[in-house]
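Descriptive analysis of the structure
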Amino acid sequence: MPLTNVTGIARSEGDPRVERKGPSSLTGPDRLARALGWFSIGLGIAELVAPGRIARTLGLEGKEGLIRAYGVREIASAVPTLSVDKQVGLASRIGGDALDLGTLALALRSDNPKRDNAAIATALVVGITLLDLFAYFGTKSVHSREPGSGRDYSDRSGLPRGAQASRGLARKDFDIPADYRAEGRVAHAVPERAA
Amino acid sequence: MKALVWHGKEDVRYDTVTDPSIENPRDAIIKVTSCAICGSDLHLFHNLIPAMLPGDILGHESMGEVVEVGSDAKGSLKVGDRVVIPFTIQCGECEQCRKGNFSVCRRTNRKAELADKAFGHHTAGLFGYTHLTGGYPGGQAEYLRVPFADTTHIKVPDGIEDEKLLFLSDILPTGWQAAVQADIQPGDTVAVWGCGPVGQMTIRSAILLGAEQVIAIDHLPERLSMAEAAGAITINFEEESVIARLNELTGGEGPHKCIDAVGAEAHVSMGQPDTILDRAKQMLLAENDRPHVLREMIYACRVAGVISIIGVYTGLVDKVPMGQAMNKGLTFRMAQAHVPRWTDDLLRMIEDGRIDPSFVITHKVDLSAGPEMYRTFRDKSDSCIKVMLRP
């Protein structure tokens, strides 16, 4: 059941309900970034909860503490990746990918009996790195504001009589209401007291 | 009908939805002729304001033609009337409405119990906003049901184009109230932080109220150029120190009146290191807003000056220097705009040519381009300042 049907319980009878979904403001790179953010959380939890199993699978016994630290790093990267500042999170993920590849390189040594597993993991991380790079540059391109692109709106005064002639023009038929005065009430009392 | 619908963070879609219908005798339905994306819609777009639900129709700046009127609204509205719809829904009868505090109407928030828990005491119902303000479907749509329609409308004359009238719904009275609640007096120096649409309206309002010197603070060249067009002195905070420049322009005393037209999402940059910490806290849900402007205003403001807050804040803020504020004897005024309190005055000023709010529109597109325009407006690309949508 679509989520919009579930949330319908919070609406009244006459409120419009979604019949058919249309095009979204989310772009492809935005959706990819979001998926990578959730992937980061999943991987991070796995690394925190089962570092021993991961270490044994990859032949990295003794590196459980490092894997757990990487789990923390994954979750820390996921937070900005899932936020509106996704490029910060994606940059952090790309840095993390480099660390992962460096660590997996240790497991690719010839005397590691789990070398094949490490090779598969390395291939997966390379793939994820490519997705991270695609999402990073994709979101940057979709959401960037070109430097020096500001248009000149200096002909848009909104004051048809000109800025200088408009100064105080509202005063001819408008006074700040009494309940909006901030200064007057105090200032009026001062001269009498001073006298 | 077609509408712009919130589906989650950064996910606004151009959906097909069922038509709204009259629910209450005080309701009316309008056919929307023009609507706009507001800066506060971006807080929803970023999911910073809690209690949004997938399927919520966005939009609180709209105008159109009345096509259906409930039995109890017929005394003040008829089919064919041309109306601008204020973003606040007001009953016109409660204690706060009678005082002119329409944005805290006691009766129009249909989810008052929920809002009481969040705010202590609920505020008015708002269109196209969070369920804390009633969860009323918004006006970025082909049709809009207006609850309490007999009191929630501004009748506008034919012969003036939508572009000049649409912003009576929000940003013009909001900018006006920012200036009024600062109690601007002739001779004042007024500093306005933020040159987005509300900041631009605030600058014009300050000029019209007689401010001697208006100083506009932002970092985007197109926004600063639009502020200069109204006679403001500009400060680009990425190129110069705001505090030093304000002191230079005020003989070292600071502005009499400081106005925050930024609110929850202050620009994050290395030049404003507090914003980086705020952003990190926001991501960890340890703080709701980035109150850089509030901190800077309190520091910059002249002693016994006035701080006017019109930029939307959403919840908890950290490291606000209350010691400075208290010892300097500052006065704080803040509120969501009490729209109908100001619209008679503002409509008169539009009609007699004292202000033309259409200056702020930089993008005019079909409603179907809404999702893309949310992105463009948020990214501040293509020099976008204000998007007007035509259903």
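Residues numbered from 1 in each chain as written. Chains lettered and ligands numbered in written order. Predicted model: local features only at pLDDT ≥ 70, side-chain atom pairs only at ≥ 80, totals over all residues. Heavy atoms only, no water.

**Concerning the overall build of chain B**
Helix and strand counts for chain B come out as 13 helices and 18 strands. Here the C-alpha atoms of chain B give a radius of gyration of 20 Å, agreeing with the 21 Å that 2.2 N^0.38 yields for 391 residues. Along the three orthogonal principal directions, the C-alpha set of chain B runs to about 60 × 50 × 45 Å. By the burial criterion, 68% of the 391 residues in chain B qualify as buried. For chain B, restricting intrachain contacts to residue pairs at least 6 apart in sequence, the fraction spanning at least 24 positions comes to 71%. In the form shown here, chain B has an accessible surface area of approximately 12500 Å², with 52% of it arising from carbon and sulfur atoms. Charged side chains in chain B number 39 positive and 52 negative. The centres of these two groups are separated by 4 Å. (Helix = DSSP H or I, 4+ residues; strand = E, 2+ residues; numbered from the N terminus. Rg over C-alpha atoms; globule rule 2.2 N^0.38 Å. Buried < 20%, exposed > 50% of the residue type's maximum accessible area, 1.4 Å probe, protein only. Contact = heavy atoms within 4.5 Å. Areas by Shrake-Rupley, 256 points an atom, 1.4 Å probe, with all protein chains shown as cover. Lys, Arg positive; Asp, Glu negative; His and termini not counted. Charge placed at Lys NZ, Arg CZ, Asp CG, Glu CD.)

**Quick look at the interface of chain B and chain A**
With 86 residues of chain B in contact, the opposing surface of chain A contributes 63 residues. Between chain B and chain A the total buried area reaches about 6400 Å² when both faces are included, carbon and sulfur atoms providing 50% of it. Connecting chain B to chain A are 11 salt bridges. The closest approach of N and O atoms between Arg151 of chain A and Asp382 of chain B, which form a salt bridge, is 2.4 Å. One can count 55 residue pairs in polar contact (both at pLDDT 80 or more) joining chain B with chain A. When residues of the side of chain B that touches chain A are assigned to their parent elements, the largest contribution, 7 residues, is made by strand E2 (residues 11–17) of chain B. (Buried area = accessible area lost by both parts, 1.4 Å probe. Salt bridge = Lys/Arg side-chain N within 4 Å of Asp/Glu carboxyl O. Polar contact = N/O pair within 3.5 Å; in protein donor to acceptor, adjacent residues only side chain to side chain.)

**So, the UniProt feature "domain: Alcohol dehydrogenase-like N-terminal" (unreviewed entry) in chain B**
Under the UniProt annotation, "domain: Alcohol dehydrogenase-like N-terminal" (unreviewed entry) lies at residues 25–153 of chain B. From the first C-alpha to the last, residues 25–153 of chain B spans 15 Å; its make-up is 15% helix and 25% strand. (UniProt positions renumbered as here; feature names shortened; annotations may be inferred.)

**Thoughts on helix H10 (residues 292–300) of chain B**
Of all 9 residues making up H10 of chain B, 8 are buried, and the element is well covered by its neighbours. For H10 of chain B, the full list of buried residues reads His292, Val293, Leu294, Arg295, Glu296, Met297, Ile298 and Ala300 of chain B.

**Quick notes on the layout of surface pockets**
Residues and elements named next belong to chain B. By volume, the second largest pocket amounts to about 770 Å³. Forming the boundary of the second largest pocket are 29 residues, of which Phe119, Val312, Tyr313, Thr314 and Gln336 lie nearest the centre. Elements with a minimum of two residues in the lining of the second largest pocket: helix H3 (112–119) and strand E16 (331–334). When the residues that make up the lining of the second largest pocket are grouped by side-chain class, the tally is 20 nonpolar, 9 polar and no charged. (1 Å grid on protein atoms, 1.4 Å probe; cavity = no way out; pocket = protein on both sides within 12 Å on 5 of 7 lines; lining within 4 Å. Points joined across faces, edges and corners; volume = space filled by probe spheres on them. Nonpolar A, V, L, I, M, F, W, Y, C, P; charged D, E, K, R; others polar.)

**Points about the UniProt feature "domain: Alcohol dehydrogenase-like C-terminal" (unreviewed entry) in chain B**
Per the UniProt record, "domain: Alcohol dehydrogenase-like C-terminal" (unreviewed entry) is found at residues 197–268 of chain B. A distance of 19 Å separates the end C-alpha atoms of residues 197–268 of chain B, which is 40% helix and 19% strand.

**Some details on the sheet that holds strand E1 (residues 2–8) of chain B**
Pairing in this open sheet of 4 strands is antiparallel, and the strands run E1(A)-E2(B)-E1(B)-E4(B) from one edge to the other. The open sheet has two free edges, formed respectively by strand E1 (18–20) of chain A together with strand E4 (56–57) of chain B, since each of these has just one partner strand. Relative to E2 of chain B, E1 of chain A is paired through 2 bridges, and the arrangement is antiparallel. Residue pairing in the sheet places Val18 of chain A in a bridge with Val17 of chain B of E2 of chain B. Sheet contacts for helix H13 (residues 370–379) of chain B: E1 and E2 of chain B; angle to E2 of chain B, the most-contacted strand, approximately 160°. (Pairing = 2+ DSSP bridges. Axes fitted to C-alpha atoms, helices over the stretch in contact; angles between N-to-C directions.)

**Concerning empty space enclosed by the protein**
Space left empty within the atom packing is revealed by a probe, the size of a water molecule, rolled over the atoms. Enumeration over the complete set of coordinates arrives at 3 cavities of 30 Å³ or more. A volume near 50 Å³ is recorded for the largest cavity. A per-class count over the lining of the largest cavity returns 5 nonpolar, 3 polar and 3 charged.

**Let's talk about the packing of aromatic side chains**
Evaluation of the coordinates by the stated rule reveals 5 aromatic pairs over all chains. Between the aromatic rings of Tyr136 of chain A and Phe137 of chain A, the centroid separation amounts to 5.1 Å while the plane-to-plane angle is 80°, which identifies the pairing as edge-to-face. Consider the rings of Tyr180 of chain A and Trp342 of chain B, whose centres lie 5.3 Å apart with planes at 80°: the pair is edge-to-face. Of this pair, Tyr180 of chain A sits in the loop between helix H7 (163–166) and helix H8 (184–187) while Trp342 of chain B is found in helix H12 (residues 340–351), placing the two residues in two different chains. Like Trp342 of chain B, Tyr180 of chain A is buried. Taken together, the ring pairs in this structure connect Phe174 and Tyr180 of chain A together with Trp176 and Trp342 of chain B into an aromatic cluster. Note that Arg73 of chain A overlies the ring of Tyr70 of chain A, its terminal NZ or CZ placed 4.7 Å from the centroid. Its end group placed over the ring of Tyr136 of chain B, Arg110 of chain B keeps NZ or CZ at 4.5 Å from the ring centre. (Phe/Tyr/Trp six-rings, centres within 6.5 Å; stacked < 30°, edge-to-face > 60°. Lys NZ or Arg CZ within 6 Å of the ring centre and 35° of its normal.)

**Topic: unusual backbone geometry**
Residues and elements named next belong to chain B. Not every positive phi belongs to a glycine, and Ala304 is a case in point at roughly 60°. Turning to its location among the elements, Ala304 is positioned in the loop between H10 and strand E15 (306–309). You will see that Lys319, though not glycine, has its phi angle at about 55°, which is positive. Looking at Lys319, the relative accessible area reads 62%, which means it is exposed.

**A short note on the packing of helix H4 (residues 64–81) of chain A against helix H5 (residues 86–107) of chain A**
Axis angle and axis distance: for two packed helices, these are the angle between their axes and the distance between the axes, and together they describe the pair. All names here are of chain A. Following both chains from N to C, one finds H4 and H5 inclined at 160°, their axes separated by 7 Å at the closest point. Relative to H5, the element H4 is oriented roughly antiparallel. As H4 runs across H5, the sense of the crossing is left-handed. Judged by residue contacts, Leu66, Tyr70, Arg73, Glu74, Ser77, Pro80 and Thr81 of H4 engage Lys86, Val88, Gly89, Leu90, Ser92, Arg93, Gly96, Leu99, Asp100 and Thr103 from H5. A per-class count over the contact of H4 with H5 returns 6 nonpolar, 6 polar and 5 charged. (Parallel < 35°, antiparallel > 145°, perpendicular 65-115°, else oblique. Left-handed = near helix turned anticlockwise from the far one by under 90°.)

**Overview of the state of the cysteines**
Residue and element names in this part refer to chain B. Tallied over the entire structure, the rule returns 0 disulfides over all chains. We note that Cys97 lacks a disulfide partner, and the nearest cysteine sulfur, in Cys105, lies 3.7 Å from it. Unpaired in terms of disulfides, Cys301 finds its nearest cysteine sulfur in Cys258, a separation of 3.8 Å. When its relative accessible area of 3% is taken as the criterion, Cys301 is described as buried. (Disulfide = S-S within 2.5 Å.)

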